[in-house]
Amino acid sequence: MGALHAGHEKLIHTAREECDVLAVSIFVNPLQFGPKEDYAQYPRSLSSDLEICERDGVDLVFAPSVEEMYPLPQLTFVDVELLTQHLCAKFRPGHFRGVATVVLKLLNIVQPHRAYFGEKDLQQLMIIRRMVSDLNLDVTIVGVPTVREPDGLALSSRNKYLNSEERKAAPALYRALQEAAGRIGAGERDASKAREAALAVLAEFSLIRVEYFEIVDPNELQPVDVINGPVRIASAVSIGTTRLIDNVRS
């Protein structure tokens, strides 16, 4: 959605190494914003985004207007069930319907052989993969590992909303995820105990409001009670007016 940073550049660099022709789409999609969310304020910096794309060897930038993407009121939408029952979907109704719909439109317009998405947005990545599989789309979806600041904070276009005190608190999200992963790695099989240990890390910061902190299976993102194999640990928090998400494997 633009406001490109080093996390987006990791997507570009990975794609550049693997593809003969590289296209980047830049579009702030109104369908995925709720009525009380930050669509109007969402950072837009197309001129600097284009400079980054040129510097990184992008061949084509597709940056349509809202009118071009939605010339008529949208009556057709994509709903991916099950994967949209938990995590962010519970707190952002309609968000992933908007994401899946616009991604399908972009894939149909650009018709890439491969499409690259960041693992920071885990739920989005898994929904897109399932949509592509279920609808027999001729494209390979590639997940690219999360890029972080030196203190662990996952890069996000929304990080620029944080003031200095909020920015100091923000890395606690990653530390909490690591705490849960460490407990699981050490042999903890009770998901609730690993979760409690992680929430204790977040509780040290009064600025942080936890939206969710869940341990889920890595394929359909359903919460688990007993850990018997690989899992994903995912969380969303609010710090001031800024919503941050992150996840780790375990």
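Below, the structure is looked at part by part. Since this is a predicted model, take the numbers as computed values, not measurements.

**As for the pairing of strand β7 (residues 242-249)**
Note on strand geometry: in a regular strand, side chains alternate between the two faces of the sheet. In terms of residue burial, β7 counts as a mostly covered element, since 7 of its 8 residues are buried. When strand β6 (residues 232-239) meets β7, the two strands line up antiparallel, connected through 8 bridges. When the bridges of β7 are listed, Ala 234 appears paired with Asn 247. Here β6 hands over to β7 after 2 residues, with Gly 240 in that stretch at a positive phi of 65 degrees.

**Examining the side chain of Asn 247**
Mapped onto the elements of the fold, Asn 247 is located in strand β7. Accessibility expressed as a relative area gives 5% for Asn 247, which makes it buried. A distance of 2.9 Å separates a polar side-chain atom of Asn 247 from the backbone oxygen of Glu 119. At 2.6 Å, the side chain of Asn 247 and the side chain of Arg 232 are in polar contact.

**A word on the nonpolar core**
In this structure, Val 103, Met 131 and Ile 141 are the most contacted members of the largest nonpolar core, which totals 34 residues. Beyond its immediate sequence surroundings of up to four residues, Met 131 is in contact with Val 78, Val 80, Ala 100, Val 103, Leu 104, Leu 107 and Leu 137. Counting 27 residues, the second largest nonpolar core, distinct from the first, contains Leu 162, Ala 198, Val 237 and Leu 244.

**Quick word on the sheet that holds β7**
Either a parallel or an antiparallel arrangement is found when strands of a sheet pair, and the pairing is made through backbone hydrogen bonds. Taken together, 3 strands build an open sheet; the order of strands is β5-β6-β7 and the sheet is antiparallel. For this open sheet the edge positions go to β5 (208-216) and β7, each flanked by a neighbour on one side alone. With direction set aside, neighbouring strand axes in the sheet form an average angle of 15 degrees. Strands in contact with helix α8 (residues 191-202) are β5 and β6; relative to β5, the strand with the most contacts, it is inclined by about 155 degrees.

**Structural notes on the packing of aromatic side chains**
One pass over the structure, following the stated rule, counts 4 aromatic pairs. Measuring from centroid to centroid gives 5.8 Å for Phe 33 and Tyr 42, while their planes differ by 75 degrees, and the two rings are edge-to-face. Accessibility expressed as a relative area gives 7% for Tyr 42, which makes it buried. Note on Phe 91 and Tyr 212: the rings are 6.0 Å apart at their centroids and 25 degrees apart in plane angle, and the pair reads as stacked. In this pair, Phe 91 sits in the loop between α3 (66-69) and α4 (95-110) while Tyr 212 sits in strand β5, placing the two residues 121 residues apart along the sequence.

**A few points about the packing of α4 against helix α5 (residues 122-134)**
Where α4 meets α5, the closest approach of the two axes is 10 Å, and the angle between their N-to-C directions is 55 degrees. Comparing the axis directions of α4 and α5 gives the class oblique. Like other packed secondary-structure pairs, α4 and α5 cross with a definite hand, here right-handed. Contacts between α4 and α5 pair Phe 96, Val 99, Ala 100, Val 103, Leu 104 and Leu 107 from the former with Gln 123, Gln 124, Ile 127, Ile 128, Met 131 and Val 132 from the latter.

**A closer look at the pattern of salt bridges**
Tallied over the entire structure, the rule returns 16 salt bridges. The partner of Arg 243 in a salt bridge is Glu 211, and the shortest N-O contact between them spans 2.5 Å. In this pair, Arg 243 is assigned in strand β7 and Glu 211 in strand β5, connecting sequence segments 32 residues apart. You can call Glu 211 partly exposed: its relative accessible area is 22%. Each of Glu 9, Arg 55 and Asp 56 takes part in one network of salt bridges that share partners.

**What to know about the packing of helix α7 (residues 172-185) against α8**
Running from N to C, α7 and α8 point in directions that differ by 155 degrees, and their axes come no closer than 8 Å. Considering the angle they form, α7 stands roughly antiparallel to α8. Helix-helix and strand crossings are classified by hand; for α7 and α8 the assignment is right-handed. Across the interface between the two elements, Ala 172, Leu 173, Arg 175, Ala 176, Glu 179, Ala 180, Arg 183 and Ile 184 of α7 pack against Ala 194, Ala 197, Ala 198, Val 201 and Leu 202 of α8. Taken together, the residues of the contact of α7 with α8 break down into 10 nonpolar, no polar and 3 charged.

How each quantity is defined
Residues numbered from 1 in each chain as written. Predicted model: local features only at pLDDT ≥ 70, side-chain atom pairs only at ≥ 80, totals over all residues. Heavy atoms only, no water. Buried < 20%, exposed > 50% of the residue type's maximum accessible area, 1.4 Å probe, protein only. Helix = DSSP H or I, 4+ residues; strand = E, 2+ residues; numbered from the N terminus. Pairing = 2+ DSSP bridges. Polar contact = N/O pair within 3.5 Å; in protein donor to acceptor, adjacent residues only side chain to side chain. Core = buried A, V, L, I, M, F, W, Y, C linked by side-chain atoms within 4.5 Å. Contact = heavy atoms within 4.5 Å. Axes fitted to C-alpha atoms, helices over the stretch in contact; angles between N-to-C directions. Phe/Tyr/Trp six-rings, centres within 6.5 Å; stacked < 30°, edge-to-face > 60°. Parallel < 35°, antiparallel > 145°, perpendicular 65-115°, else oblique. Left-handed = near helix turned anticlockwise from the far one by under 90°. Salt bridge = Lys/Arg side-chain N within 4 Å of Asp/Glu carboxyl O. Nonpolar A, V, L, I, M, F, W, Y, C, P; charged D, E, K, R; others polar.

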